[in-house]
Amino acid sequence: MNLGTISEVLRPRTLDQIDGWRDGYAWLAGGTWLFSEPQVDRDTLIDLDGLCWPALTVTEAGLEIAATCRIAELDDLTGPQEWSALPLKGDCARSLLASFKIWNAATVGGNICMSLPAGAMISLTTALEGVYTLWPREGEPREVAAVDFVTGDHANVLAPGELLRSITIPNAALAKRYVFRQQSLVKHGRSAALIIGTCGQDGSDFRLTVTAATPRPIQFVYDTVPTHAELRGDITRRLSEEDYFHDVNGSARYKQHLTYYFSEQIRMELS
Ligand SMILES: Cc1cc2nc3c(=O)[nH]c(=O)nc-3n(C[C@H](O)[C@H](O)[C@H](O)COP(=O)(O)OP(=O)(O)OC[C@H]3O[C@@H](n4cnc5c(N)ncnc54)[C@H](O)[C@@H]3O)c2cc1C
């Protein structure tokens, strides 16, 4: 779509070329959302592409994903054999309501910063215990656990102008077993529930990450795989029916049902 209010597109090679921040500015990543609807409050786009951050870096600690990494690039990544949870990236990439064009243009960081309940890169990086590095316009970089980044539907902890720079996934999480469940009303539709369980090869450090069914990711953490009663009880205590996300992709009640149903399947498979 042509954005009639945009009068300037900046393409910095370094961030020093951008002075401060003001209302009307927006970071431009893949543009798949920015160009999909009018942006009446924006007059300037600042394209992140020219910063040329390396998309994917394997470090001693794990995997570093640049915010500007395309979802398709992440999907193509092959990693060490010990990274048994790596195929989860493909499951999550295929959970976006996305045409081929969107999938190839959209970035991991753009998906996270959109902070929609069905943001599958949020599901992926939260389940794999990711840490986000944020660059404020003023001051030192800061780190935020993926599970704490999204605060609600289309809301997150970013301050005005603050940039998501990268996502770090630790080796220990990449070496876990996982079980993935996703449901949408139509094939390739927007996720109504996307729920991931992970645990160590010995069954330790079990985590259940509930996304899409709730406005923000909710994670349940246990030393070992919990019993049916423990897990169901904890979900019930933490999430009442009003805490589920009601939208055209499903009622809160339906999403609550999916959460119980998939969580038990995941628990049994990882037991
Ligand atoms: C047909 C269609 C289907 C879609 N399906 C889904 C879906 O299933 N699930 C879903 O979550 N979304 C979906 N979207 C919305 C959107 O396309 C995706 O969320 C996509 O991943 C956004 O990534 P992008 O790189 O294109 O971001 P952009 O459109 O470039 O940016 C999105 C927002 O994030 C900000 N931003 C981008 N990068 C950064 C950064 N590094 N730091 C700070 N802010 C940043 C931008 O300023 C903007 O506000 C869909 C959109 C369309 C048109």
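First, a word on what this report is: a plain description of the structure on this page. (Residues numbered from 1 in each chain as written. Predicted model: local features only at pLDDT ≥ 70, side-chain atom pairs only at ≥ 80, totals over all residues. Heavy atoms only, no water.)

With respect to the pattern of salt bridges
Charged atoms that come close allow side chains of opposite charge to pair. The tally for this structure, following the rule as stated, stands at 14 salt bridges. Among the ionic pairs, R22 bridges to D43, the shortest N-O distance being 3.1 Å. Of this pair, R22 sits in the loop between β1 (8-10) and β2 (25-28) while D43 is found in the loop between β2 and β3 (44-47), placing the two residues 21 residues apart along the sequence. Residue class for R22 comes out partly exposed when judged on its relative accessible area of 38%. The salt bridge involving R181 is made with E269; its shortest N-O contact spans 2.5 Å. Of the two residues, R181 sits in strand β11 (residues 177-184) while E269 sits in helix α9 (residues 252-270), which places them 88 residues apart along the sequence. Judged by relative accessible area, which is 46%, E269 ranks as partly exposed. Among the charged side chains, a salt-bridge network with shared partners connects E129, K176, D205 and R207. (Salt bridge = Lys/Arg side-chain N within 4 Å of Asp/Glu carboxyl O. Helix = DSSP H or I, 4+ residues; strand = E, 2+ residues; numbered from the N terminus. Buried < 20%, exposed > 50% of the residue type's maximum accessible area, 1.4 Å probe, protein only.)

Focus on the pairing of strand β10 (residues 163-170)
Most of β10 is tucked away, with six of its eight residues classed as buried. As defined by bridge partners, strand β5 (residues 62-66) adjoins β10 across five bridges and the pair is classed as antiparallel. Across the sheet, E64 pairs through a bridge with T168, a residue of β10. Pairing of strand β6 (residues 131-135) with β10 involves five bridges; the strand directions are antiparallel. Bridge pairing links Y132 to I167 in β10. (Pairing = 2+ DSSP bridges.)

Observations concerning the site of the ligand
Near the ligand you find 27 residues, and of these W27, G31, T32, L97 and T107 are the closest. For the ligand, an oxygen atom lies 2.7 Å from a polar atom in the side chain of T107. Compared with its free state, where it exposes 980 Å², the ligand has 89% of that area covered by protein. The set of elements that each furnish at least two residues to the shell around the ligand consists of α4 (108-114) and β10. It is α4 that contributes the most residues to the shell around the ligand, four residues altogether. (Near = heavy atom within 4 Å. Polar contact = N/O pair within 3.5 Å; in protein donor to acceptor, adjacent residues only side chain to side chain. Areas by Shrake-Rupley, 256 points an atom, 1.4 Å probe, with all protein chains shown as cover.)

Points about the packing of aromatic side chains
The full count for this structure, using the stated rule, is six aromatic pairs. Judged by centre distance (5.3 Å) and plane angle (85°), the rings of W21 and Y25 are edge-to-face. Ring centres of Y132 and F149 lie 5.1 Å apart, and the angle between their planes is 75°; this geometry places the pair in the edge-to-face category. Of the two residues, Y132 sits in strand β6 while F149 sits in helix α6 (residues 146-149), which places them 17 residues apart along the sequence. F149 shares its class with Y132; the two are buried. A connected cluster of aromatic rings, assembled from ring pairs, spans W21, Y25 and W27. The positively charged end of R232 is found above the aromatic ring belonging to Y260, 3.8 Å away from the centroid. The positively charged end of R238 is found above the aromatic ring belonging to F220, 5.3 Å away from the centroid. (Phe/Tyr/Trp six-rings, centres within 6.5 Å; stacked < 30°, edge-to-face > 60°. Lys NZ or Arg CZ within 6 Å of the ring centre and 35° of its normal.)

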